[in-house]
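Spelled out from the first residue to the last, the chains are:
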Amino acid sequence: MHYDVTAANHGLRYDPFKAIVSPRPIGWITALDGQGRVNCAPYSFFNAISDKPHMVAFAGGGMKDARAFVEETGEFTCSFVSWELRDAMNATSAPLARGESELDFAGLEAAPSHYVKAPRVKAAPAALECKWLQTVPLTSLEGVTNYFLVIGQVVGMYINDDFIVDGIVDTGRMHPIMRGGYDQYFQVGSEQMFKMTRPAGGGNFDEKRKA
């Protein structure tokens, strides 16, 4: 099939966009507001966007609590969502009143961060501690949308030592889950992962850039 996205004439029960752009990593964002109230919410419009410096971003519509809290205090954490935490993660997506703790609602314990005030999810095997850089309004061919991209720089990391093997982080051992379309998720373990070595080319791009 081939259809016009603007006309949405696909004839399917639901928009297939999220099912096609998948699996997507989940940013489990925790932030505090100026009163010290906590918000914890999962975002599947999330990813790493730079490693020099380390930067991540998540996107959402309107002025949701995660964005509001991040902009108010300038910090957030992103906890890693594993298979064991799938139900708790899903529980934190519930639409609670502003200031009501999703961590308490989901039966999760918070752990203090080292470099930011926002806590991380204690049970998560890894977490990123971030400083807010900017919020970018997203525009489209039709004009300004109601979506915003929140960008943060990673200033600290937590990694459970159980998942460090031979000097590297064993992502598969953590059994991460990722978002698919509709109500679907993916689980990945070490048995589904594989390696490929980058082919040799015409030289190192970074070295050429320095020259």
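Quick note: structure is the one above.
A brief look at the structure comes next. (Residues numbered from 1 in each chain as written. Predicted model: local features only at pLDDT ≥ 70, side-chain atom pairs only at ≥ 80, totals over all residues. Heavy atoms only, no water.)

Quick word on the pattern of salt bridges
Which entries qualify depends on this criterion: Whenever Lys or Arg places a side-chain nitrogen within 4 Å of a carboxyl oxygen from Asp or Glu, that contact is recorded as a salt bridge. Secondary structure follows DSSP: runs of H or I at least 4 residues long count as helices, runs of E at least 2 residues long count as strands, and numbering of each begins at the N terminus. Accessible area is worked out with a 1.4 Å probe on protein chains only. A residue is then buried under 20% of its type maximum, exposed over 50%, and partly exposed in between.
Within the structure shown, the criterion is met by seven salt bridges. Between glutamate 72 and arginine 98 there is a salt bridge, with its nearest N and O atoms 3.5 Å apart. Linking glutamate 72 in helix 2 (residues 65-73) with arginine 98 in the loop between helix 3 (86-91) and helix 4 (102-105), this pair joins segments that are 26 residues apart in sequence. Judged by its relative accessible area of 42%, arginine 98 falls in the partly exposed class. Put simply, lysine 131 and glutamate 75 hold a salt bridge, and the shortest N to O gap is 2.6 Å. Taken together, the residues lysine 131 in strand 8 (residues 126-140) and glutamate 75 in strand 5 (residues 75-79) connect sequence positions 56 residues apart. Of the residues examined, glutamate 75 reaches a relative accessible area of 10% and is grouped as buried. Linked by salt bridges that have partners in common, Asp65, Glu72 and Arg98 make up one network.

A few points about the nonpolar core
Quick note on the threshold: The term nonpolar core refers to a set of buried residues drawn from Ala, Val, Leu, Ile, Met, Phe, Trp, Tyr and Cys, joined through side-chain atoms within 4.5 Å. Throughout, a residue-residue contact means that at least one pair of heavy atoms, one from each residue, lies within 4.5 Å.
By size, the foremost hydrophobic cluster in this structure holds 17 residues, and its most contacted members are Trp28, Val81, Met89, Leu103, Leu108 and Val121. Elements that contribute at least two residues to this core include exactly strand 1 (27-32), strand 2 (38-43) and helix 3. Those residues in contact with valine 81 that sit more than four places away from it in its chain are Ile26, Trp28, Met89, His175, Pro176 and Ile177. Of all hydrophobic cores here, the second largest spans 16 residues; its members include Ile29, Ala31, Ala41 and Ala66.

Things to note about helix 2
Where helix 2 is concerned, the buried positions are Asp65, Ala66, Arg67, Ala68, Phe69 and Val70. On the buried face of helix 2, the contacting elements are strand 1, strand 2, strand 4 (54-61), strand 5, strand 8 and strand 9 (143-159). Where helix 2 terminates, the next one or two residues include glycine 74, which has phi positive at roughly 80 degrees.

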